[in-house]
Amino acid sequence: GLLYVAVIYKTKPGETWWCDTVLCYVAGMIYGYFKDYLDRALEKRYIVMLLVSIVLFFGINFVLSKMHGIVFVLGYNLLACALCFLISVVTYHIKIDNDILQFLGKYGFEIYILQRIPDMILQPYLSGYTIPYFLISLSFTILIAIGYQKILGVVTSKVLKIGA
């Protein structure tokens, strides 16, 4: 992950905006792999994990304020991971019973990976109309995400013979 960011930084100067959170993918996979262990740790040592995540986030943020260039870009990846970890720890004991958030959470990954499609299609037509552009783009993104998840479910069940 860090090597990828370094290569992008060197080969496409000024275009690091699309790779500056690439380590979040790796961190998410690691978090998912160790989820049971981390959940037990959060149950037993929530305050310690909370303090570690806060110190980690603000520590990296402080160090980054003194950095520039490739070190900053690489460090920004770590800061993004630290923020995700902090949010995960903070929200571990907070239960939000909100139908909209639960709905968006159900389709969160699909929304994340498909959001640019409506943006790119609608941008030439609605770029000067911020609120309609946002609302129409969000609506299309959600519809595409729902469709994507349904199609993926059907294809997966056919290929893997699940539920047959």
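Just so we're clear, the structure is a prediction, and the values are computed from it rather than from any experiment.

J.: Give me the lowdown on the overall build of the protein chain, citing residues and values where you can.
T.: When its secondary structure is counted, the protein chain shows 9 helices and 0 strands. Traced from its N-terminal end to its C-terminal end, the protein chain shows the element sequence α-α-α-α-α-α-α-α-α. Residues counted as buried form 26% of the 164 residues belonging to the protein chain. Residue pairs in contact within the protein chain that sit at least 24 positions apart in sequence constitute 61% of those at least 6 positions apart.

J.: Can you lay out the environment of Tyr25 for me, pointing to particular residues and giving the numbers?
T.: Considering the arrangement of structural elements, one finds Tyr25 in helix H2 (residues 23-33). The partly exposed category is assigned to Tyr25, whose relative accessible area is 45%. Residues Tyr25 and Cys81, 56 residues apart in the sequence, show an inter-C-alpha distance of 8.9 Å.

J.: Would you mind going over the nonpolar core in detail, with residue names and values included?
T.: Membership of the largest hydrophobic core is limited to 9 residues, which are Leu38, Ala41, Leu42, Tyr46, Met49, Leu50, Phe85, Val89 and Tyr92. Counting residues per element, the ones that place at least two in this core are helix H3 (35-44), helix H4 (46-64) and helix H5 (69-90). Ranked by size, the runner-up nonpolar core spans 6 residues in total, among them Ile60, Leu64, Leu79 and Leu86.

J.: So what's going on with the side chain of Asp119? Residues and values would help.
T.: With respect to the helices and strands, the residue Asp119 is situated in helix H8 (residues 116-126). When sequence neighbours within four positions are dropped, the list of residues in contact with Asp119 reads Tyr133 and Ser137.

J.: Can you break down the packing of H2 against H3 residue by residue, with the values?
T.: One way to put it is that H2 packs onto H3 with a least axis distance of 5 Å and a crossing angle of 75°. In terms of their interaxial angle, H2 and H3 are classed as roughly perpendicular. For the pair formed by H2 and H3, the contact residues are Tyr31, Gly32 and Tyr33 on the first element and Lys35, Leu38, Asp39 and Leu42 on the second. When grouped by side-chain class, the residues that make up the contact of H2 with H3 number 4 nonpolar, 1 polar and 2 charged.

J.: Lay out the packing of aromatic side chains in plain terms, naming residues and giving numbers.
T.: Scanning the entire structure with this criterion turns up 3 aromatic pairs. Their ring planes at 80° and their centres at 5.1 Å tell us that Phe57 and Phe58 sit as a pair that is edge-to-face. Aromatic side chains Phe103 and Tyr107 sit 5.1 Å apart centroid to centroid with 55° between the ring planes, which places their arrangement in the tilted category. Relative accessible area serves as the criterion here: at 8%, Tyr107 is assigned to the buried category.

J.: Outline H3, supporting the account with residue identities and numerical values.
T.: Among all positions in H3, only Leu38, Asp39, Ala41 and Leu42 are buried. Seen along its axis, H3 keeps its buried residues to an arc of 160°; they face one direction. Residues of H3 that are exposed and angled more than 90 degrees away from the buried face: Asp36, Tyr37, Glu43 and Lys44.

J.: Quick one: what's the story with the environment of Met49, residue by residue and with numbers?
T.: Tracing the chain through its elements places Met49 in helix H4. Residue classification places Met49 among the buried residues on the basis of a relative accessible area of 15%. Not counting residues within four places of it along the chain, the set of residues in contact with Met49 comprises Leu38, Ala41, Leu42, Phe85 and Val89.

J.: Pulling in residues and values, what's your account of a nonpolar patch on the surface?
T.: A contiguous nonpolar patch, built from Tyr25, Val26, Met29, Ile30, Tyr33, Phe34, Tyr37, Phe109, Tyr112, Ile113, Tyr148 and Leu152 and spanning about 1300 Å² of accessible area, is present on the exposed surface. Listing elements by their share of the nonpolar patch, those giving two or more residues are H2, helix H7 (108-114) and helix H9 (130-160). Tallying contributions element by element places H2 first for the nonpolar patch, with 5 residues. Inspection of the secondary structure puts Tyr33 in helix H2.

Parameters at a glance
Residue positions within a chain follow its written sequence, with the count starting from 1. The predicted nature of this model means local features are confined to residues of pLDDT at least 70 and side-chain atom pairs, given and counted, to a pLDDT of 80 or more, with totals for whole chains, interfaces and linings taken over all residues. For the side-chain quantities, the full set of heavy atoms in the structure was used; hydrogens and water were omitted. We count a stretch as a helix when DSSP gives it H or I for four or more residues in a row; a strand needs E for two or more, and each element gets its number in order from the N terminus. Classification of residues uses two cut-offs on accessible area relative to the type maximum, computed with a 1.4 Å probe and protein chains only: under 20% is buried, over 50% is exposed, and between them is partly exposed. Residue contacts follow a heavy-atom distance rule, with two residues in contact if any of their heavy atoms lie within 4.5 Å. We define a nonpolar core as any set of buried Ala, Val, Leu, Ile, Met, Phe, Trp, Tyr and Cys residues linked to one another through side-chain atoms lying within 4.5 Å. Interaxial angle, 0 to 180 degrees, is taken between N-to-C directions of lines fitted to C-alpha atoms, where a helix line uses only the stretch in contact. Any angle from 65 to 115 degrees is called roughly perpendicular, while one under 35 is roughly parallel, one over 145 is roughly antiparallel, and all others are oblique. Gly falls in the polar group here, along with every residue not listed as nonpolar (Ala, Val, Leu, Ile, Met, Phe, Trp, Tyr, Cys, Pro) or charged (Asp, Glu, Lys, Arg). Ring pairs shown here join Phe, Tyr and Trp side chains whose ring centres sit within 6.5 Å, with only the six-membered ring taken for Trp; geometry is labelled stacked below 30 degrees between planes, edge-to-face above 60, and tilted in between. What the arc measures is the spread of directions leading from the helix axis to the C-beta atoms. Patches here are clusters of residues that have more than 30% relative accessible area and form no salt bridge, with a 9 Å joining cutoff for like charges and a 5 Å cutoff for nonpolar side chains (Val, Leu, Ile, Met, Phe, Trp, Tyr). Computed by Shrake-Rupley with a 1.4 Å probe, the accessible areas treat only the displayed protein chains as cover when residues are assessed. Salt bridge, as used here: a side-chain nitrogen of Lys or Arg that lies within 4 Å of a carboxyl oxygen of Asp or Glu.

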